[in-house]
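Observations on the three-dimensional arrangement
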Amino acid sequence: MIEPQYQHERTEPRRVKKGIIVAEDGPTCAGDSPASRLWQSVMERAGSEAKTEGARWGALGQAMAVSGIPGRLRVRVQGIRRQPHEVDLLIPVLSESIREMAVERLSEDPRNLVRIEEGGIPTSLIGLIRELGGRLVPTGADLSAELDEKSIGFEHRVVCAAAAAAQSLEQDLKPLLIAVGLPMDDLAVLLRDARAVRLRGALTAHRDPRPTTSGPDPERNFWRGRTSTQAESMGPFPPLALLMRLGKPPLKGRFPMVGLLESIYRTVAEDVDRDRAERDEAMASPPSYDD
């Protein structure tokens with residue numbers, strides 16, 4: 001009689017292709033960054049066994065696909081079963097007042113909108129949110145987790161997810177910004193609207209239109225040029241203001257048109273400054289006549 005063959009219960013998680021591999025000593029996070037705060041908050045809540053097993057899963061690359069959803073940071077973690085788990089770190093959305101104040105402050109500098117349109121994040125955004133009293137990452141008891149949309153403690157799958165999320169956020173904070181209610185696409189729209197209100201429809205890219213005594217439209221005079229008989233000054237020009245009006249480079253970066261225009265702009269601006277300096281020097285030192 002042949003003894004029946006029983007399948008042993010799986011004890012190791014299923015292998016993952018192209019998972020987020022994290023070092024056994026934890027993700028590489030810099031100083032006081034939001035990613036570092038998230039990792040430290042989870043480690044403060046997890047027990048020793050969860051830390052050890054979660055670090056092992058992170059080194060195996062069991063976590064993948066970090067994404068942001070309003071109110072939560074979601075990481076897919078492959079465990080023993082065929083279907084990956086969805087681990088959510090619950091992130092409170094910023095209050096409406098903080099978001100409105102952040103948009104108002106960011107709209108003061110046109111470079112913030114340009115940076116978003118180029119696929120980046122305004123460099124001052126994180127510090128600004130902290131200055132306004134907002135938190136990107138909850139700490140202590142304010143931080144909670146869910147596994148497949150059910151509340152769960154800070155066990156090894158949550159630690160693994162947090163390690164992968166922290167490592168990913170150190171390179172790109174956009175999923176976290178989506179979680180707190182500041183997705184870049186929406187922020188770009190809000191900044192355009194805020195700048196339109198601020199400038200009352202003026203087609204300028206610099207912070208505030210500057211008055212000048214050189215004529216009614218110094219920017220148009222600059223691009224039209226002037227003859228050698230025109231002695232009027234070209235006026236104070238905001239750096240690259242006209243280029244900033246162009247917005248995102250066309251053709252998805254296949255042709256560096258904005259870079260070319262910037263080079264032309266700088267060259268022409270240097271020529272104008274040199275001509276102005278030579279003229280001022282000539283007027284300050286009139287020629288002397290010998291007897």
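To continue, consider the overall build of the chain. For the chain, the helix and strand inventory stands at 11 helices and 5 strands. Counting over 291 residues, the chain shows a buried share of 39%. Of all intrachain contacts in the chain linking residues separated by at least 6 positions in sequence, the fraction that spans at least 24 positions is 69%. When the accessible area of the chain is evaluated, it comes to approximately 18000 Å², of which 52% is carbon and sulfur surface.

The next subject is the pattern of salt bridges. Scanning the model with the defined rule gives 18 salt bridges in all. Among the salt bridges present, the one from Asp148 reaches Arg81, with a minimum N-O distance of 3.2 Å. Taken together, the residues span a long stretch of sequence, with Asp148 in the loop between strand E4 (144-147) and strand E5 (150-152) and Arg81 in the loop between strand E2 (72-77) and strand E3 (85-90) at a distance of 67 residues. Overall, the relative accessible area of 28% leaves Asp148 in the partly exposed class. A salt bridge links Arg105 to Glu131; the shortest N-O distance between them is 3.1 Å. Within this pair, whereas Arg105 is found in helix H3 (residues 96-106), its partner Glu131 is found in helix H5 (residues 125-131), the two being separated by 26 residues in sequence.

Helix packing for two helices is described by the angle between their axes and how far apart those axes are. Where helix H1 (residues 34-45) meets helix H6 (residues 156-169), the closest approach of the two axes is 8 Å, and the angle between their N-to-C directions is 170 degrees. In terms of orientation, H1 lies roughly antiparallel with respect to H6. Once H1 is placed against H6, the crossing between them reads as left-handed. Here Ala35, Leu38, Trp39, Val42 and Met43 of H1 lie close against H6, whose contacting residues are Val159, Ala162, Ala163, Ala165, Ala166 and Leu169.

Nonpolar side chains tend toward joint burial in soluble globular proteins. In this structure, Val77, Leu125, Leu136, Leu177 and Leu187 are the most contacted members of the largest nonpolar core, which totals 56 residues. When residues in this core are grouped by element, the largest group, 10 residues, is from H6. Those residues in contact with Leu187 that lie beyond four places of it in its chain are Val103, Leu106, Ile116, Leu125 and Leu182.

With that settled, the discussion passes to the environment of Ala188. In this structure, Ala188 sits in helix H8 (residues 184-199). Accessibility expressed as a relative area gives 6% for Ala188, which makes it buried. When the C-alpha atoms of Ala188 and Glu117 are compared, they prove to be 7.3 Å apart, with 71 residues separating the residues in sequence. Apart from residues no more than four positions distant in its own chain, Ala188 is found in contact with Leu113 and Ile116.

The next point concerns the confidence of the model for the chain. Predicted coordinates in areas of low pLDDT are best not read in detail. With 72% of its residues at a pLDDT of at least 70, the chain reaches an overall mean of 79. In the predicted structure, residues 201-238 sits below a pLDDT of 50 and forms 59 contacts with residues beyond four places in sequence or in another chain.

When you line up the elements, Ser168 lands in helix H6. For Ser168 and Met64, which are 104 residues apart along the polypeptide, the C-alpha to C-alpha distance reads 9.8 Å.

Before going further, it helps to spend a moment on the packing of helix H2 (residues 48-60) against H6. Contact geometry for H2 and H6: axes closest at 7 Å, N-to-C directions at 50 degrees. Here H6 runs oblique to H2, going by the angle between their axes. The hand of the H2/H6 crossing is right-handed. Here H2 contributes Ala50, Lys51, Glu53, Gly54, Ala55, Trp57 and Gly58 to the contact with H6, which in turn contributes His156, Arg157, Val159 and Cys160. Here the contact of H2 with H6 is built from residues that sort into 5 nonpolar, 3 polar and 3 charged.

Here His85 shows up in strand E3. A polar side-chain atom of His85 sits 3.0 Å from a polar atom in the side chain of Asp148. Of the polar contacts made by the side chain of His85, one reaches the side chain of Arg157; its length is 3.3 Å. Residue contacts for His85: discarding those within four places in its chain leaves Val75, Arg76, Val77, Gly79, Leu147, Asp148 and Arg157.

Here we come to the pairing of E3. The buried fraction of E3 amounts to 5 of the 6 residues, a majority that puts the element mostly inside the structure. Relative to E3, E2 runs antiparallel, the two being bridged by 6 bridges. Residue Val77 lies in a different strand from E3, and its bridge partner there is His85. Examined bridge by bridge, E3 and E4 share 4 bridges and lie antiparallel to one another. Within E4, the residue paired with Val87 across the bridge is Leu147.

Parameters and conventions
- Note on numbering: residues in each chain are counted from 1, in written sequence order.
- With pLDDT at 70 or above as the cut-off, local features in this predicted model cover only qualifying residues; side-chain atom pairs require 80 or more to be listed or tallied, and sums for whole chains, interfaces and linings still use all residues.
- The side-chain values count all of the structure's non-hydrogen atoms but skip hydrogen atoms and water molecules.
- Secondary structure is summarised from DSSP: a helix means a run of H or I of at least four residues, a strand means a run of E of at least two, and numbering begins at the N terminus for each.
- Using a 1.4 Å probe on the protein chains alone, a residue whose accessible area is under 20% of its type maximum counts as buried, one over 50% counts as exposed, and one in between counts as partly exposed.
- Any two residues having at least one pair of non-hydrogen atoms within 4.5 Å are treated as being in contact.
- Here the accessible surface of atoms and residues is derived via Shrake-Rupley with a 1.4 Å probe, and residues count as covered only by protein chains that are part of the display.
- Each reported salt bridge corresponds to a side-chain nitrogen of Lys or Arg within 4 Å of a carboxyl oxygen of Asp or Glu.
- Lines are fitted to the C-alpha atoms to define the axes, a helix being fitted only along its stretch in contact, and any angle between axes, read from their N-to-C directions, falls within 0 to 180 degrees.
- In these notes the angle categories are as follows: under 35 degrees is roughly parallel, over 145 is roughly antiparallel, 65 to 115 is roughly perpendicular, and the rest is oblique.
- Two helices crossing with the near one rotated counterclockwise from the far one by less than a right angle form a left-handed crossing, whereas a clockwise rotation gives a right-handed crossing.
- For this analysis, a nonpolar core means a set of buried residues of the types Ala, Val, Leu, Ile, Met, Phe, Trp, Tyr and Cys, connected via side-chain atoms within 4.5 Å.
- The predictor reports its confidence for every residue as pLDDT, a score running from 0 up to 100.
- When residue character is reported, Ala, Val, Leu, Ile, Met, Phe, Trp, Tyr, Cys and Pro are called nonpolar, Asp, Glu, Lys and Arg charged, and the others, Gly included, polar.
- Identification of polar contacts relies on pairs of N or O atoms within 3.5 Å, with a donor-acceptor requirement for protein atoms, meaning one able to donate a hydrogen and the other able to accept it, and with residues adjacent in sequence counted only if both atoms are side-chain atoms.
- Two strands pair under a simple rule: DSSP has to find at least two bridges between them.

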